[in-house]
Amino acid sequence: MIRDATEHDLPAIRAIYNDAVLNTTAIWNEQPVDLANRQAWFSARQAQQYPILVAVENDEVTGYASFGDWRPFEGFRYSVEHSVYVRNDQRGKGLGPRLMQALIERARSCDKHVMVAAIESGNLASIRLHERLGFITTGQMPQVGIKFGRWLDLTFMQLTLNPGVEPPKE
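Residues numbered from 1 in each chain as written. Predicted model: local features only at pLDDT ≥ 70, side-chain atom pairs only at ≥ 80, totals over all residues. Heavy atoms only, no water.

As recorded in an unreviewed UniProt entry, the protein goes by L-methionine sulfoximine/L-methionine sulfone acetyltransferase and comes from Pseudomonas haemolytica.

See below:
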């Protein structure tokens, strides 16, 4: 089941996030976060009316997805950057694609035009998932990050949510 997250879900979201921080290059932060950090993140998303979705099985959060502003300038207000994380023991079971599809529909319903993905270039599973969902690669940035004692490359991908739609009249 995929549903909107509640504050009750934040400890599980934090655990999934911190596992990614400590064990993957999906997040380029190096320090785990505390619950106050996830509460501030949750509140910021709510204030912007942006979704946080959770995948739930047997009353346990097994993954989550959200999006936020891509860049903090008015001209980018129709573009969002998303994040999707699946609990390490649930990866490979199809949760990522289901969370992504639900998130894409939410972005469309929020009248967003473009969804941006910033993916560590070695994460081929994520890149392939995005390609299957219609994302195209729009840029490669070699050695822009560092983690685990090595340089990381960044792949940018994007999905135009409503192709052919004219921009709003200002």
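Along its length, the protein carries four helices and seven strands. The N-to-C order of helical and strand elements in the protein reads β-α-α-β-β-β-α-β-α-β-β. In terms of principal-axis extent, the alpha carbons of the protein reach across some 45 × 35 × 30 Å. Among the 170 residues that make up the protein, the fraction classed as buried is 41%. Put simply, 61% of the contacts in the protein that link residues at least 6 apart link residues at least 24 apart. A total of about 9600 Å² of accessible surface is found on the protein, and carbon and sulfur atoms cover 50% of it. (Helix = DSSP H or I, 4+ residues; strand = E, 2+ residues; numbered from the N terminus. Buried < 20%, exposed > 50% of the residue type's maximum accessible area, 1.4 Å probe, protein only. Contact = heavy atoms within 4.5 Å. Areas by Shrake-Rupley, 256 points an atom, 1.4 Å probe, with all protein chains shown as cover.)

So, about unusual backbone geometry. Notably, Asn58 is not glycine yet its phi reads approximately 55°, a positive angle. Relative to the helices and strands, Asn58 is located in the loop between strand S2 (52-57) and strand S3 (60-69). Residue classification places Asn58 among the exposed residues on the basis of a relative accessible area of 68%.

This part takes up the nonpolar core. Counting 23 residues, the largest nonpolar core has Phe67, Met100, Ile104, Met115 and Phe135 as its most contacted members. Listed by contribution, the elements that provide at least two residues to this core are S2, S3, strand S4 (79-86), helix H3 (95-109), strand S5 (114-120), helix H4 (124-132) and strand S7 (150-160). Per element, the largest residue contribution to this core is six residues, and it comes from H3. Excluding residues within four positions of it along the chain, Met115 makes contact with Phe67, Val80, His82, Met100, Leu103, Ile104, Ala107, Phe135, Met157, Gln158, Leu159 and Leu161. (Core = buried A, V, L, I, M, F, W, Y, C linked by side-chain atoms within 4.5 Å.)

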